[in-house]
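# Tertiary structure, described
Below are the chains, spelled out letter by letter.
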Amino acid sequence: MGFSPLFAKPLGMKTYFYLCFFIYLTVPVFTSSAQSKILIKEWGKAHGIERTIIFGVFQDKNRLIWICTYNGLYYFDGFRAYKSQILEADGKTPFDGIVNQLVQTSDGRYWLKVEDKLGTYDIYSKIFKPFKIQPADLLSAHSSVAVQLFVWDQNSTYLVDQELLELIPMIFVDHKGAVLSDVVRVSGERRKFFSFLDGFPVEVIASEIPGQYIEHANPDSTVTFWNELGFFKYNKDVHGNTWYKHPLDFRWMITDSLGKDISKEKQLHFEKLNVYYLLSQPDYSWFITDRGLVIWEKEAEKPRYPFEELSDTFTNNVFNTFDSGKTLWNWNRKGISHISVNPSNFSSITKDQDGLYSNFILGIYPVDLGKLLVRHDFTDIYFSIYDHENQNVNIINENELKERFGYLQYLGNRKSGDAIELERRKELFVKGHQFFDLKRTTRNLVRSDCGSNFTTCSLFAGNRAWAWTIPIGEIITNDLINDADQNPGYN
């Protein structure tokens, strides 16, 4: 088999560092004839990110998005970003500087890189505990394979002792403990450890001694991770071609389904580009390059170059991918962006972002071609009308609804509402829902059996008793609130 390494341009230190943090988040939609639709949504300062100098975006096992910035750590719920306080080990001293990276191991623990320090982070107590010994290379980064956490830089890889918070150099040894190589790495998407024996990569596994790895005696013979030139199998593109990557740099070779080397043919479409990695879906493949995003669709003869079509969004090469490669997240000085190809038509409508009268919804009904009526509470005289064609939301009152649409059956009546409320009380008896139902409907309550034993026989909608006190512990630990935010009457 011939060898034609692709994209062998050397990478600078800064570029290599950024490869540790490949992520993407999103703005407009563009389409062209016979091409897939790309949807981009983006968030920035208007959505709670104080400074848009962003170092990374990560998703934890609860699907919560975390944003590492020049001004601290944020979590993102899909609508808005909220700052997550970072405290030193004393639990009192706050940190408000650069957060470079967040990683979560499979046991649920979070790990941060804060300034030039790596350590563990408790998202509940907000306490950050740095490792006792830090790597010498300031560009080092976390990564993980299952519960194993390790730190790597261009020269070395360290296993993290998660109890002692110490770094252990990872080395390749023989069965007698003699060092064969001080280079241990992880093979990309396969997430297998490898080292080198006589200049050729071999799969290694952990021995009984922490930090020491031995050759895997019985690797899966049905899976070929390496070719005869020492390139490991990285992934297949949407056309079924296999991409092999050099373990120590960014050279690639590509073979078709018959094993023929087609690297030169493919190189024509990636001239002057360094391909960092690729991900494939049934209809397209992502290629992350040093100039930005490239997409190759299944039925297309050549790839698309979104970094040329939408230069403001796609020229960045820092990406991450979640949802099994269906979406990409990117960040730049404008904020974070989320990219998806041929997304579903489902979208959410909220009070804050789209102008609904209320986020509490009792029902949705068709009232006209392409229009939906959103009914909120039984006592509300206002309704929301959503126009699917232009995606506008308008608020109308009860009288306007009668005049414009004549759909009186959607209004119901108070007796109907009372009947539903009674059934709700029966079904949810002693489950604590009635308090919130009464508060939500802004009722005035008057005791029917009020006598001399009671000092108060009525509770009006504006009374402070409808709002409970905010626990002092929450005020102390939550950096988004303070004593001035306490509910009235509890200061």
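Fair warning: this is a prediction, and the values are worked out from it, not measured in the lab. Position labels on residues start from 1 in each chain and follow its written sequence. Only residues with pLDDT of 70 or above have their local features reported here, since the model is predicted, and side-chain atom pairs are shown and tallied only from 80 upward, although totals for entire chains, interfaces and linings are computed over all residues. Only heavy atoms go into the side-chain values, all of them from the structure, while hydrogens and water stay out.

By salt bridge we mean one thing: a side-chain nitrogen of Lys or Arg within 4 Å of a carboxyl oxygen of Asp or Glu. As enumerated under the stated definition, the model contains 2 salt bridges in all. A salt bridge links E163 to R109; its shortest N-O distance comes to 3.8 Å. Separated by 54 residues along the polypeptide, E163 in the loop between strand 15 (157-161) and strand 16 (166-169) and R109 in the loop between strand 9 (99-104) and strand 10 (110-114) bring together distant segments of the chain. As a salt-bridge pair, R304 and E297 come within 3.3 Å of each other at their nearest N and O atoms. Classification of residues uses two cut-offs on accessible area relative to the type maximum, computed with a 1.4 Å probe and protein chains only: under 20% is buried, over 50% is exposed, and between them is partly exposed. Assessed through its relative accessible area of 5%, R304 is described here as buried. A residue is classified by how much of its surface remains accessible, and E297, at 9% relative accessible area, is buried. Counting from the N terminus, the helices are the DSSP runs of H or I reaching at least four residues and the strands are the DSSP runs of E reaching at least two.

For T120, the position within the fold is in strand 11 (residues 117-121). Two N or O atoms count as a polar contact when they lie within 3.5 Å, although within protein this holds only if one can serve as hydrogen donor and the other as acceptor, and sequence-adjacent residues are included solely when both atoms are side-chain atoms. Of the polar contacts made by the side chain of T120, one reaches the backbone oxygen of Y110; its length is 3.3 Å. Throughout, a contact is declared for two residues whenever any of their heavy atoms are within 4.5 Å. With near-sequence residues (within four places) excluded, T120 lies in contact with R109, Y110, W111, I127, F128, K129 and L165.

Here we take up the side chain of T105. By the element assignment, T105 lies in the loop between strand 9 and strand 10. In this structure the side chain of T105 is engaged in a polar contact, spanning 2.5 Å, whose partner is the side chain of D107. Within polar-contact distance, the side chain of T105 engages the side chain of W111 at 3.3 Å. Look past the residues within four positions of T105 in its chain and what remains in contact with it is K61, W111, S144, A146, V147, L149 and Q162.

Our next topic: the sheet that holds strand 26 (residues 275-280). Taken in spatial order, the 3 strands of this open sheet run 26-27-28, and their pairing is antiparallel. Looking at which strands have only one partner, the edges of the open sheet turn out to be strand 26 and strand 28 (292-297). Taking the axes of each pair of neighbouring strands and ignoring which way they run, one obtains an average angle of 20° across the sheet. Where strand 26 meets strand 27 (residues 284-289), 5 bridges bridge the pair, whose relative direction is antiparallel. When the bridges of strand 27 are listed, Y277 appears paired with I288. Pairing between two strands is assigned when DSSP locates at least 2 bridges connecting them. Axis lines are fitted through C-alpha atoms, for helices just across the contact stretch, and the angle between N-to-C directions can take any value from 0 to 180 degrees.

So, about the sheet that holds strand 13 (residues 141-145). What the 4 strands build is an open sheet, ordered 13-14-15-16; its pairing is antiparallel. If you trace the sheet from one side to the other, it starts and ends with strand 13 and strand 16, each paired once. When the angles between neighbouring strand axes are averaged without regard to direction, this sheet yields 40°. Across 5 bridges, strand 13 lies against strand 14 (residues 148-152) in antiparallel orientation. By the bridge assignment for strand 14, S144 is matched with L149.

Time to look at the pairing of strand 13. With 5 of 5 residues buried, strand 13 is to be regarded as a mostly interior element. The two faces of strand 13 match: A141, S143 and V145 on one face and H142 and S144 on the other face are all buried. The antiparallel pairing of strand 13 with strand 14 creates a hairpin that spans 2 residues between the two strands, and A146 there sits at a positive phi of about 55°.

So, about the packing of aromatic side chains. Ring pairs are drawn from Phe, Tyr and Trp, using the six-membered ring of Trp, whenever the two centres fall within 6.5 Å, and their geometry is named by plane angle: stacked under 30 degrees, edge-to-face over 60, tilted for the rest. Scanning the entire structure with this criterion turns up 18 aromatic pairs. A ring pair is formed by F194 and F232, whose centres lie 6.3 Å apart and whose planes are at 45°; its orientation type is tilted. Pair noted here: F194 is in strand 20 (residues 193-197) and F232 is in strand 23 (residues 232-236), with a separation of 38 residues, a long-range link. Each member of the pair F194 and F232 is classed as buried. Cluster of aromatic residues (ring-pair linked, three or more members): F194, F196, F232, Y234, W243, W252, F270, F287 and W296.

Okay, the environment of W66 next. Residue position: W66 is located in strand 4 (residues 65-69). Owing to a relative accessible area of 3%, W66 belongs among the buried residues under this scheme. For W66, the residues in contact, after removing those within four places along its chain, are G56, V57, F58, D60, L73, Y74, Y75, S84, L102, Y110 and I123. Polar side-chain contacts of W66 include one of 2.9 Å to the side chain of D60.

What is meant by a nonpolar core is a set of buried Ala, Val, Leu, Ile, Met, Phe, Trp, Tyr and Cys residues, joined one to another through side-chain atoms within 4.5 Å. Grouped together as the largest cluster of nonpolar side chains are 32 residues, with contacts concentrated most on F270, W286, F287, L293, L328 and I339. Those elements that place two or more of their residues in this core are strand 2 (38-43), strand 20, strand 23, strand 25 (252-255), strand 26, strand 27, strand 28 and strand 31 (335-341). Among the elements that line this core, the one with the most residues is strand 26, at 5 residues. Judged by nonpolar contacts, the second largest core, of 13 residues, contains V99, Y110, V114 and Y121.

Let us look at the confidence of the model for the chain. Averaged over all residues, the pLDDT of the chain is 76; the fraction at 70 or higher stands at 75%. Here helix 1 (residues 13-18) stands out as the least confident element of the chain, with mean pLDDT 34; strand 17 (residues 171-173) is the most confident, with 93. Considering only residues more than four positions removed or in separate chains, one finds that residues 1-33, a stretch of pLDDT under 50, has 129 contacts. For every residue, the predictor states its confidence as a pLDDT score lying anywhere from 0 to 100. Predicted confidence is poor over residues 412-416, with pLDDT under 50, and the contacts of this stretch with residues over four places away or in other chains come to 4 contacts.

All right, on to a nonpolar patch on the surface then. Patches here are clusters of residues that have more than 30% relative accessible area and form no salt bridge, with a 9 Å joining cutoff for like charges and a 5 Å cutoff for nonpolar side chains (Val, Leu, Ile, Met, Phe, Trp, Tyr). Per-residue and other accessible areas were derived by the Shrake-Rupley procedure at a 1.4 Å probe size, with only the shown protein chains allowed to occlude residues. A cluster of nonpolar side chains, namely Y357, I381, Y382 and I395, defines an oily patch on the protein surface of about 320 Å² accessible area. Mapped onto the fold, I395 is located in strand 35 (residues 392-397).

Our next topic: the environment of E308. Within the fold, E308 resides in helix 3 (residues 306-309). Exposure remark for E308: the relative accessible area of 54% places this residue in the exposed category. For the pair formed by E308 and R291, sequence separation is 17 residues and the distance between their alpha carbons is 9.4 Å.

The backbone of K126 sits at a positive phi, close to 70°, despite the residue not being glycine. Locating K126 in the fold gives a position in the loop between strand 11 and strand 12 (128-130). Overall, K126 belongs to the buried group, its relative accessible area being 13%. For K272, which is not a glycine, the phi torsion comes out positive at approximately 60°. Mapping K272 onto the fold places it in the loop between helix 2 (263-267) and strand 26.

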